[in-house]
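# Descriptive structure summary
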Amino acid sequence: MTTIAIVGAGKGLGAAVAERFGREGFAVALISRNQDRLDSLAAQLGESGVTAKGFAANVRDGDSLRAALEAATEQLGPIEVLQYSPLPAKEYMRPVLETTAEDLVGPVEFSVYGSVNAVRQVLPGMRALGTGTILFVNGGSAVRPGARVTGTSVAFAGESAYAQLLHDAVAEEHVHVGQLIIPFGIDDGQDAHSSAAVAEQLWTIHSERGDFRTYAEPLPE
């Protein structure tokens, strides 16, 4: 059994992705900051027949993130799929003229340093397996910066650049890097925007290994 590690796992998209990949036989490593919430989610997934376990970590703390991923590998099995999709904090989304250099530290640590630390931890194992998928999940500001969400616009741009470079660098090693851009609110009442629908798109990115970037739906004009 191999493992999908979901960095930023929660009761919405994280749970839906865990269920979708769990149905395909993956063990699921749930990673976020709150161990109690992770334990509760893992128990719910277990009732559905999904092997899941929570590992608490802060993506802005490289040591804790690496330790969580290492523990997941030891306890659940080699990580074949990494999903990097932590939810940015509200304070990262300030108007451009109100944003200072200090305001950008958190978003950059969160989106860029965190993703690099996660990838560098799991990539050697994927190389040993001879296959792997790394999934980046971002909002529309990753490709169309928004003046009222400056922190995420800047940080997501850096994360996107890293992901694109990574895609090109590891493609010949049978490791697929894909980015899903979600320009809408998940679970906003529309069936096409449900966590389950987005999870299905992420499964397709993993299983079909198409282009680097996929849009959950076209960006609004």
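Residues numbered from 1 in each chain as written. Predicted model: local features only at pLDDT ≥ 70, side-chain atom pairs only at ≥ 80, totals over all residues. Heavy atoms only, no water.

Now for unusual backbone geometry. Phi is positive for D187, close to 60 degrees, though the residue is something other than glycine. For D187, the location among the structural elements is in the loop between β6 (175-182) and α6 (195-208). When its relative accessible area of 47% is taken as the criterion, D187 is described as partly exposed. Positive phi values are uncommon outside glycine, yet R209 reaches one of about 50 degrees. Structurally, R209 is set in the loop between α6 and β7 (213-215). (Helix = DSSP H or I, 4+ residues; strand = E, 2+ residues; numbered from the N terminus. Buried < 20%, exposed > 50% of the residue type's maximum accessible area, 1.4 Å probe, protein only.)

Okay, the packing of helix α3 (residues 62-76) against helix α4 (residues 105-129) next. For the pair α3 and α4, interaxial distance at closest approach is 9 Å and the crossing angle is 35 degrees. Pair α3 / α4 crosses with right-handed handedness. For the pair formed by α3 and α4, the contact residues are G62, L65, R66, L69 and E70 on the first element and G114, N117, A118, Q121 and V122 on the second. By residue class, the composition of the contact of α3 with α4 is four nonpolar, four polar and two charged. (Axes fitted to C-alpha atoms, helices over the stretch in contact; angles between N-to-C directions. Left-handed = near helix turned anticlockwise from the far one by under 90°. Contact = heavy atoms within 4.5 Å. Nonpolar A, V, L, I, M, F, W, Y, C, P; charged D, E, K, R; others polar.)

This part covers the side chain of H206. Note that H206 resides in helix α6. Assessed through its relative accessible area of 8%, H206 is described here as buried. If we ignore the near neighbours within four places in the chain, the residues touching H206 are F21, F26, E80, V81 and T133.

Attention now goes to the nonpolar core. By size, the foremost hydrophobic cluster in this structure holds 33 residues, and its most contacted members are I31, L69, L82, I134 and F136. The set of elements that each furnish at least two residues to this core consists of β1 (3-7), β2 (27-32), α3, β4 (79-84), α4, β5 (132-139), α5 (150-170) and β6. Non-local contacts of L69, meaning those with residues more than four positions away in its chain, are made with A5, I31, I79, L82, A118, Q121 and V122. Of all hydrophobic cores here, the second largest spans 30 residues; its members include I6, A18, F184 and W203. (Core = buried A, V, L, I, M, F, W, Y, C linked by side-chain atoms within 4.5 Å.)

Bringing the environment of Q75 into the picture now. Here Q75 shows up in helix α3. With relative accessibility at 47%, the residue Q75 sits in the partly exposed group. Counting along the chain gives 136 residues from Q75 to D211, while the straight-line C-alpha distance between them is 32 Å. Those residues in contact with Q75, other than ones at most four positions away along the chain, are K53 and F55.

Our focus in this paragraph is empty space enclosed by the protein. Considering all chains together, one arrives at one cavity of 30 Å³ or more under this definition. Looking at the largest cavity, its volume works out to about 40 Å³. If you go around the largest cavity, the residues you meet are Y84, S85, P86, F110, S111, V137, N138, F156 and E159. Of all the secondary structure elements, the ones that give two or more residues to the lining of the largest cavity are α4, β5 and α5. Residue composition of the lining of the largest cavity, by class: five nonpolar, three polar and one charged. (1 Å grid on protein atoms, 1.4 Å probe; cavity = no way out; pocket = protein on both sides within 12 Å on 5 of 7 lines; lining within 4 Å. Points joined across faces, edges and corners; volume = space filled by probe spheres on them.)

Moving on: the sheet that holds β5. Here we have seven strands laid out as an open sheet, ordered β3-β2-β1-β4-β5-β6-β7, and parallel in their pairing. Of all the strands in the sheet, the pair left with one neighbour each is β3 (52-56) and β7. Averaged over all pairs of adjacent strands, the angle between their axes in this sheet comes to 20 degrees, without regard to strand direction. Across five bridges, β2 lies against β3 in parallel orientation. Residue pairing across strands places L30 opposite G54, the latter belonging to β3. Against the sheet, helix α2 (residues 35-47) makes contact with β2 and β3, and its axis sits at roughly 170 degrees relative to β3, the strand it touches most. Against the sheet, α6 engages β4, β5, β6 and β7, with an angle of about 155 degrees to β6. (Pairing = 2+ DSSP bridges.)

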